[in-house]
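# Notes for the structure review
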Amino acid sequence: MIPEWPRGTEYDELAELLPAPGDPALNPERRRVLRQHLMSEIGRKRAAAPGSPRGRRLVVWAAAPLALAATVVTGTVVVTGLRGGHEVVQSPGAVATTVGRPPVIEMKDGQFLYERRVMTGEYAAYRGDTRVVQREDWLAVTGRREGLALTGPRPTAAARLDPDAPTTEHMAMSGGADHRELRELPTDPRQLLAHLYRETEGQGPTHEEAVFEYISGVLEPAVLVPGLSEALYRAARRIPGVVVETGVRDRIGRTGTGLALSSSGTTRPALVFDASSFVFLGVEGTTALLEIGVADRAGEPPVDSWNLGTG
Amino acid sequence: MEHSLRDRVRAGDPEAFGRLFDTFAPTVHRHAVRVTGNWSTAEDVVSLTFLEAWRLRERVLAEGESLRPWLLGIATNVMRNMTRAARRHRDALARLPPAAPVPDFADEVTQRLADQEELVAAQRALSGMRRAEREVFTLCVWEGLDTAEAAEALGVTAGTVRVRLSRARKRLRALTDAERARMPAAARHPSVGVPTLARHTGEDRCAVDQCAEERRR
């Protein structure tokens with residue numbers, strides 16, 4: 001047990017120095033409205049949650065799949081030390097894959113960022129019994145409109161999921177990183193890191209984990225922002241405690257440089273980057289980004305996209 | 001009781017969330033008004049806190065006592081970055097009926113006006129602290145969390161909470177001393193050692209405002 005703060009001393013002195021201002025009460029009528037609102041929102045979310053019949057829509061937060069992979073999973077990376085951001089673990093024999101640099105793809109307000117990736121079933125929020133799931137996302141460029149995500153078993157004959165297939169699940173996407181916000185981020189790694197530390201000030205469990213998690217959450221959309229992937233990679237490896245590892249494989253076996261941050265005694269799977277262009281490839285063993293581009297409408301094939309290959 | 005409430009919250013039982021709201025909404029609201037100094041912002045904080053609680057329900061530990069530290073921790077996070085929280089729950093907030101511009105009861109208006117002056121004075125003092133100190137101070141001293149509970153709410157160690165509290169005390173002490181030094185003797189609070197930063201009623205209110213003017217120069 002953690003010993004109690006000696007009450008009657010510092011607490012009392014603090015309360016004397018600055019007493020709590022008044023006892024503001026929530027108006028009973030407003031309280032009823034807020035409660036009713038919460039209950040109806042919960043009802044909505046439950047109606048759309050996994051386990052309900054196909055065709056009903058699940059509203060999820062856009063960064064969910066990647067954030068989930070980066071935060072919830074218990075790890076498999078062997079880490080040799082946690083002293084600084086520059087430790088390199090060599091995995092002999094692995095040859096790095098190179099996907100090259102992304103082309104310039106213009107994105108207009110009103111369009112949708114399109115992402116296609118494979119991931120292990122448990123990270124894809126897919127209800128079907130499939131070990132390898134493909135997930136395709138359409139996220140509004142301005143972040144203000146509703147987007148779409150499709151998940152289903154990874155197709156063998158075609159690149160994309162068939163939206164009408166009975167195994168394909170539809171989810172509405174609310175939120176997502178605003179593409180314009182990403183374009184405003186500094187691409188100098190030092191400035192970027194300083195910015196991210198400010199942005200996450202006070203967040204936990206440690207400030208380092210908060211910054212690392214923030215980076216994990218924007219790596220995919222950052223691929224199409226010139227210079228940002230590499231800046232995020234270089235910023236992430238400067239975070240104290242981040243371990244750099246070569247020869248790390250993503251879900252489809254592409255090999256790149258891994259960055260991992262261990263937290264609370266557990267090590268999470270590494271984020272995998274292309275060893276020469278520093279484009280984000282996926283999460284060690286769990287996800288792999290296959291294609292990223294821009295689409296005119298949610299659910300439609302992209303009008304312009306970059307194929308990162310199938311490894 | 002609390003034990004099973006935790007289980008039901010984790011399992012996403014709507015009734016448990018209704019109970020959670022009934023039990024803790026007033027606490028979250030009071031905390032938000034005191035911290036932000038703004039009544040309508042505080043209502044948004046209440047909504048966002050419970051929507052976030054629903055989103056994060058699986059992170060509730062199976063074991064533990066009151067869920068108050070957990071909810072106040074979520075409220076703290078919401079207030080750190082209202083824009084992000086509001087964006088995350090944009091659609092839900094859009095469905096929230098707006099508050100009536102003027103409360104229905106005249107008494108409440110009077111009460112709010114009285115509180116408002118205390119809130120403004122408290123805001124001035126809080127602005128002299130760093131955010132981390134302010135969070136620990138308001139949770140521990142105003143909401144009465146002990147160091148272990150505040151540590152749970154903020155995701156830091158109890159030791160960190162103590163250090164931040166101690167810093168908050170130093171800053172407040174310095175602020176109070178500075179204020180006393182600038183105050184004309186006649187306007188000082190009659191009894192020694194009684195707070196000067198808030199709870200000003202009656203005649204000494206204008207003296208304090210005058211001090212605030214001086215600080216701004």
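Heads up: these notes are all about the structure in this document. (Residues numbered from 1 in each chain as written. Chains lettered and ligands numbered in written order. Predicted model: local features only at pLDDT ≥ 70, side-chain atom pairs only at ≥ 80, totals over all residues. Heavy atoms only, no water.)

### Observations regarding the overall build of chain B
A count of helical and extended segments in chain B gives 11 helices and zero strands. The linear arrangement of helices and strands in chain B, starting from the amino end, is α-α-α-α-α-α-α-α-α-α-α. Burial statistics for chain B: of 217 residues in total, 46% are counted as buried. Relative to all contacts within chain B whose residues are 6 or more apart in sequence, the contacts with residues 24 or more apart total 68%. When the accessible surface of chain B is split by element, carbon and sulfur atoms take 52% of a total near 10300 Å². (Helix = DSSP H or I, 4+ residues; strand = E, 2+ residues; numbered from the N terminus. Buried < 20%, exposed > 50% of the residue type's maximum accessible area, 1.4 Å probe, protein only. Contact = heavy atoms within 4.5 Å. Areas by Shrake-Rupley, 256 points an atom, 1.4 Å probe, with all protein chains shown as cover.)

### Things to note about the interface of chain B and chain A
At the junction of the two partners, chain B supplies 68 residues and chain A supplies 48 residues. Counting each side, the surface lost to burial between chain B and chain A is near 5600 Å², with a carbon and sulfur contribution of 57%. When residues of chain B are sorted by the area they lose upon contact with chain A, Phe21, Trp54 and Arg169 of chain B head the list and together hold 10% of the total. The partner of arginine 95 of chain B in a salt bridge is glutamate 41 of chain A, with the nearest N and O atoms 2.8 Å apart. There are 13 residue pairs in polar contact (both at pLDDT 80 or more) connecting chain B and chain A. A total of 11 residues in the side of chain B that touches chain A trace back to one element, the largest contributor, which is helix α2 (residues 14–36) of chain B. Each residue belonging to the side of chain B that touches chain A can be placed in one class, and the counts come to 33 nonpolar, 13 polar and 22 charged. (Buried area = accessible area lost by both parts, 1.4 Å probe. Salt bridge = Lys/Arg side-chain N within 4 Å of Asp/Glu carboxyl O. Polar contact = N/O pair within 3.5 Å; in protein donor to acceptor, adjacent residues only side chain to side chain. Nonpolar A, V, L, I, M, F, W, Y, C, P; charged D, E, K, R; others polar.)

### Digging into the pattern of salt bridges
Close approach of charged atoms lets side chains of opposite charge pair. Summed over the entire model, instances satisfying the criterion amount to 28 salt bridges over all chains. A salt bridge links glutamate 230 of chain A to arginine 234 of chain A, with the shortest nitrogen-to-oxygen separation between them at 3.0 Å. Within this pair, glutamate 230 of chain A and its partner arginine 234 of chain A are both found in helix α7 (residues 228–237), separated by four residues, close to a single helical turn. Given a relative accessible area of 23%, glutamate 230 of chain A falls into the partly exposed group. Owing to a relative accessible area of 33%, arginine 234 of chain A belongs among the partly exposed residues under this scheme. Residue glutamate 143 of chain B pairs with arginine 34 of chain B through a salt bridge whose shortest N-O separation is 3.2 Å. With glutamate 143 of chain B in the loop between α8 (131–142) and α9 (147–154) and arginine 34 of chain B in helix α2, this residue pair connects regions lying 109 residues apart in the sequence. It is possible to trace a salt-bridge network through shared partners that takes in Glu115, Arg117, Arg135, Asp137 and Glu220 of chain A.

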